[in-house]
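Per-entry structural report
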Amino acid sequence: MTGRFDPAEADRRWQARWAEQRCFEADSESAKPKTYVLEMFPYPSGRIHMGHVRNYTMGDVIARYRRMQGHEVLHPMGWDAFGMPAENAAMERGVHPGQWTWHNIETMREQLKQIGFALDWSRELATCDPTYYGHEQALFLDLFDAGLVYRKESEVNWDPVDMTVLANEQVIDGRGWRSGALVERRKLAQWFLKITDFAEELLDGLKTLDQWPDKVRLMQENWIGKSRGLQFRFRPAEPVDSIDGVDVFTTRPDTIFGASFVAIAAGHPIAQALAAQDSEAAEFIAECQRGGTSLADIEAAEKQGFKTALEVVHPLDPEWRLPVYIANFVLMDYGTGAIFGVPGHDQRDFEFARKYGLPIKRVVAASSEDASLPITGEAEVIDGVAVNSRFLDGLTGEQATADIIRRAEEAGWGKGTIAWRLRDWGVSRQRYWGTPIPIIHCGKCGAVPVPRDQLPVVLPEDVSFDAPGNPLDRHPTWKHVDCPSCGGEAMRETDTLDTFVDSSWYFIRFASQPNDRPFDRAEAEQWLPVGQYIGGVEHAILHLLYARFWTRALQHLGKLNVAEPFTGLFTQGMVTHETYRAGDGSWLSPDEVRKDGDDWIHIESGHPVTPGRIEKMSKSRRNTIDPEPILAKYGADAVRWFMLSDSPPERDLEWSEAGIEGAARFVQRVWRLASDQRSGEGNDEALQRKLHRVIAAVGEAIDGLQFNKAVAQLYELVNAIEKAPPSTTRADAIRSLIQLIAPMAPHLAEEAWALLGGDGLVVESAWPSFDPALLVDDQVTLAIQINGKLRDTLSAPRGLPREDAEALALASDKVQRQLAGASPRKVIVVPDRLVNIVA
Ligand code: ANZ
Ligand code: ZN
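Residues numbered from 1 in each chain as written. Chains lettered and ligands numbered in written order. Predicted model: local features only at pLDDT ≥ 70, side-chain atom pairs only at ≥ 80, totals over all residues. Heavy atoms only, no water.

1. Looking at the sheet that holds strand β37 (residues 834-838)
- Strands sit in the order β35-β34-β37-β36 across an open sheet of four strands; the sheet is mixed. Looking at strand neighbours, the two that pair on one side only are β35 (789-797) and β36 (826-830), the edges of this open sheet. The average undirected angle you get between the axes of adjacent strands in this sheet is 20°.
- Here β36 pairs with β37 via five bridges, running antiparallel. The partner of V829 across the bridge, within β37, is V835. (Pairing = 2+ DSSP bridges. Helix = DSSP H or I, 4+ residues; strand = E, 2+ residues; numbered from the N terminus. Axes fitted to C-alpha atoms, helices over the stretch in contact; angles between N-to-C directions.)

Here it is as structure tokens:
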């Protein structure tokens, strides 16, 4: 025996060896098949958390497994390093965002290295580095030149006390996070990317992503939101100056006879025109501007309206007049910014009609007999047939819709159209810690791109955070520059780019990083698309959509011939832990409590503690476990093993001390097998079959990202080897076990491999192969009965002839004893199943 495996010593040693031998540096020139494995890069918040550990362990297993299968693997790591928390730290602690960020990166890089991830550190990047964001500025200008960037007025969250623009996440319950003041909406000229030009492509492309979770594709589909419908004009009942009519968009033309009002958005030109003459209307519009700009804020607000003096005529009945309201639930930037309300069949319209006493009429029913059933309680959003709808009566929704669109187009009062929910991407942020938008504003020339040879536009270091607002705006000199076009006095754009821009192309920069351009096309195409992308489901919509858009935009510009950046996507579950609360309701951390019998006790005070729900580890619940002391105590392999073993990877994993201890014991068990040098001769056929079956199953499980299944197989193999007597097969099985375990527990594997005299490093060894012939189970178990009663079970080769099965059964000691010399009257054989001896 060689004692215990000591991770404290071994982990570091093997990590140093891998680095020295540059095992994980990806060679773009390699002739091997290429695999690109990527986990969503972390925000350098300060320390690695368990969620990172789980996420990166999964990617690491795939990367190491593919490498052993003979692939050239790109598995890089970097830092999504711009963003709000660095500025908050600057405001709270007076430390520069850059200093704070780089310090965090140092810490977290060391932590990741301690876990032994097979990462190509030579390609490490941080988005806050001018050598990264300078290239991003160049790409932004490429998009600008291609007409995919424009500027328009758009609403922002404005904190009237701090006098600053707030990000959506800084608006909490409609109030500024610091000042607590009610947030207002303000218009500001901002930069937009024309993602809507790609709406159709982004939607169609989803069909090709068959290695993405269905739910993510569905979320993207809904976000893009393609709706077919009818656009038409309501004419004013009385002629009104400058108003030709109200254009509306509907996806439910079949409900047109259920209309009881028309509503326009507060920002609609007609609303604005009315407000100019009506102070009450103006006040209502101002009221609508209060509250956050996020869709969630708008949808949550109570439905409110203002009845204008305007009345319009129903397009299918000149006698039918409808009132026009300004309503807070109608969005300006969807469809036409105006609707007709059908309270019977739309919940928002229903609530609105209830509030303002408008008619609620049924125009859809399950069947024609139900035409007179009243609508109560809530709107009926149902499939059925048109009722109370004149010539539409009896038609299905689809038929009625087609009929109305045809009539509208024939008579010229409307036409079939498509509306998209997807909006252009507003990328301006009024913040310091981001990529400066490389534009210069000139009074004469307008918005002028910064000349390419002046990139990167570098953030000034000397900024202060003692006053609210954007430090770039307040900086005494930074923004004052000469116009690149006319040489006159001009101003830099002081907005920075949304950090989602940074993460929209980092996977391309990982694949190729020349100094003089964002990437080399040929080299990037060697690696892209990413074969397996792994990350949190919270990025299912925005990040993935923006990265898909950016890739398509580059393709459109002829810069990269890749349509979809991520072929395979996996969204892993969270790491959870029980929560604890003290008597006063405050949260306690797991190391402040201890279990006492069935009860929990606060260690310091001795007071009882109430254990709460098992929740995602979070600072607010104080139920986090810091990976670092765990790594120090149990070693990297135990942590990695536990992360993979307990739950299917898409589900949540509950952290438990028992779990990590079990993993640590398993590491030692494998070590004992490796150091158990009992040599033996001969073959052990059963063990060989087991081994080959496990090799096949582990490979299949990793291919399918079912890591917990791979782990379960490896447990079985260890059990089988432990039970097997010494033999040549057993020694071989131990070597194979070490290789199979290497992607999950790489330090242990290297140590054991060296001990067994393996060639070179186990990471460089070839993944064990299996013989398919050995996978078929050709032994069966025969039940041996006497007079129908089970007396013995025997193992026999599959397909054993009847006579042989009979002979085998009669030769059994137990049968002999039972028969006590008597000869059987009859023997019934069910091949491969049973032998019944009638005595
Ligand atoms: C009449 C109607 C009857 C509607 C009915 C719905 C149900 P989707 O499917 O999501 O595209 N709408 C149109 N423009 C709007 C805007 N700017 N702000 C708020 N709502 C708007 O939604 C389309 C439906 O949303 C349209 O169809 C319209 O209401 C409303 F039983 O018209 B419907
Ligand atoms: Zn100029």
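2. Structural notes on the coordination of the zinc ion (ligand 2)
- At the metal site, the zinc ion (ligand 2) is ligated by C442 (SG), C445 (SG), C483 (SG) and C486 (SG), and these contacts range over 2.2 to 2.4 Å.
- Here the zinc ion (ligand 2) binds four donor atoms, and the angle range of 106 to 113° at the metal identifies the geometry as tetrahedral.
- Look at where the donors of the zinc ion (ligand 2) fall in the sequence and you get C-x2-C-x37-C-x2-C. You can see C442 sitting in strand β21 (residues 439-442) and its partner C483 sitting in the loop between β23 (480-482) and β24 (489-492), a full 41 residues away along the chain. There is no split in this pair, since C442 and C483 are both buried. (Donors = N, O, S within 2.8 Å, 3.2 Å for Na, K, Ca; no water. Tetrahedral: all angles 85-135°; square planar, octahedral: opposite > 155°, others 65-115°. Buried < 20%, exposed > 50% of the residue type's maximum accessible area, 1.4 Å probe, protein only.)

3. Concerning helix α1 (residues 7-20)
- Taking 1.5 Å per residue, 14 residues should reach 20 Å; α1 reaches 19 Å between its end C-alpha atoms and fits that length.
- Taken as a whole, α1 has its buried residues at P7, A10, D11, W14, Q15 and W18. In an axial view of α1, the angular spread of the buried residues amounts to 130°, which keeps them on one side of the axis. Across from the buried face of α1, at angles greater than 90 degrees, the exposed residues are A8, A19 and E20.
- In this structure, the buried side of α1 is in contact with α2 (50-68), α4 (97-114), α18 (627-634), α19 (636-645) and α24 (746-755).
- Note on α1: the residue one or two positions beyond its end, R22, has a positive phi of about 45°. (Expected span 1.5 Å × (residues − 1). Arc of directions from axis to C-beta. Contact = heavy atoms within 4.5 Å.)

4. Observations concerning the packing of helix α21 (residues 685-703) against helix α22 (residues 707-723)
- In contact at an axis separation of 8 Å, α21 and α22 are set at 165° when each is read in the N-to-C sense. As judged from the angle between their axes, α21 and α22 are roughly antiparallel. Viewed along their axes, α21 and α22 form a crossing whose handedness is left-handed. In this structure, α21 uses L687, K690, L691, V694, A697, V698, A701 and I702 to contact α22, whose residues at the interface are F707, K709, A710, Q713, L714, E716, L717, A720 and I721.
- Looking at the contact of α21 with α22 residue by residue, the classes come out as 13 nonpolar, one polar and three charged. (Parallel < 35°, antiparallel > 145°, perpendicular 65-115°, else oblique. Left-handed = near helix turned anticlockwise from the far one by under 90°. Nonpolar A, V, L, I, M, F, W, Y, C, P; charged D, E, K, R; others polar.)

5. Some words on the site of ligand 1
- Around ligand 1, a shell composed of 18 residues is seen, among which S227, T250, L331, Y334 and R421 lie nearest.
- Within the backbone of T251, a nitrogen or oxygen atom sits 3.1 Å from an oxygen atom of ligand 1.
- The backbone of L331 places a nitrogen or oxygen atom 2.7 Å from a nitrogen atom of ligand 1.
- Protein contacts shield 88% of the accessible area of ligand 1, which totals 640 Å² for the unbound molecule.
- Residue assignment for the shell around ligand 1 shows that the elements contributing at least two residues are β11 (246-250) and β15 (338-341). (Near = heavy atom within 4 Å. Polar contact = N/O pair within 3.5 Å; in protein donor to acceptor, adjacent residues only side chain to side chain. Areas by Shrake-Rupley, 256 points an atom, 1.4 Å probe, with all protein chains shown as cover.)

6. Focus: the packing of aromatic side chains
- Applying the stated criterion across every chain yields a total of 39 aromatic pairs.
- When the centroid spacing of 6.5 Å and the interplanar angle of 25° are considered together, the rings of F257 and W320 count as stacked. Note that F257 is positioned in the loop between β11 and β12 (261-264) and W320 in strand β14 (residues 317-327), a separation of 63 residues in sequence. W320 shares its class with F257; the two are buried.
- Among the aromatic residues, those joined into a ring-pair cluster are F41, Y506, F507, F510, Y533 and F566.
- Over the aromatic face of W18 sits the side chain of R64, whose NZ or CZ is 4.5 Å from the ring centroid.
- Above the face of the W753 ring, R735 is positioned so that its terminal group lies 5.1 Å from the ring centre. (Phe/Tyr/Trp six-rings, centres within 6.5 Å; stacked < 30°, edge-to-face > 60°. Lys NZ or Arg CZ within 6 Å of the ring centre and 35° of its normal.)

7. Observations concerning the environment of H441
- For H441, the position within the fold is in strand β21.
- Given the relative accessible area of 22%, H441 is considered partly exposed.
- The spatial distance from the C-alpha of H441 to the C-alpha of M68 is 54 Å, given a sequence separation of 373 residues.
- The residues contacting H441, other than those within four sequence positions of it, are R151, W191, G446, A447, A490, M491, R492 and E493.
- In terms of polar contacts, H441 uses its side chain to reach the side chain of E493, at 2.8 Å.

8. Here's the deal with the side chain of N88
- Residue placement: N88 occurs in helix α3 (residues 84-93).
- Note on N88: relative accessible area 14%, which makes it buried.
- For N88, the residues in contact, after removing those within four places along its chain, are Q170, W177 and R178.

9. A word on the environment of G573
- When you line up the elements, G573 lands in the loop between β27 (566-571) and β28 (575-581).
- Take G573: its relative accessible area is 9%, and that puts it in the buried class.
- Sequence separation of G573 and L653 is 80 residues, and the distance between their C-alpha atoms is 6.9 Å.
- Once you skip the residues sitting within four places of it in the chain, G573 turns out to touch R54, P649, E650, R651 and D652.

10. Let's talk about unusual backbone geometry
- Here the bond from L455 into P456 is cis, since omega is 0°, no more than 30 degrees from zero.
- Within the secondary structure, P456 sits in the loop between β22 (446-449) and α13 (471-474).
- The omega torsion across L528 and P529 is -5°, close enough to zero to call that bond cis.
- Position of P529 among the secondary structure elements: in the loop between α16 (521-527) and β26 (530-535).
- One non-glycine residue, N388, lies in positive phi territory at about 50°.
- Along the polypeptide, N388 turns up in the loop between β17 (385-386) and α12 (397-411).
- Positive phi, close to 55°, is recorded for L705, a residue that is not glycine.
- Its location among the elements puts L705 in the loop between α21 and α22.
- Classification of L705 as buried rests on a relative accessible area of 10%.

11. Re α19
- Of all ten residues in α19, ten are buried; the element is thus mostly enclosed.
- For α19, the full list of buried residues reads A636, D637, A638, V639, R640, W641, F642, M643, L644 and S645.

12. Points about the pattern of salt bridges
- Under the defined criterion, the tally for this structure stands at 49 salt bridges.
- Residue R13 pairs with E751 through a salt bridge whose shortest N-O separation is 3.1 Å. Here E751 lies in helix α24 and R13 lies in helix α1, a separation of 738 residues in the sequence.
- The class of E751 is buried, set by a relative accessible area of 17%.
- Notably, a salt bridge pairs D626 with R47, separated by 3.1 Å at the nearest N-O pair. (Salt bridge = Lys/Arg side-chain N within 4 Å of Asp/Glu carboxyl O.)

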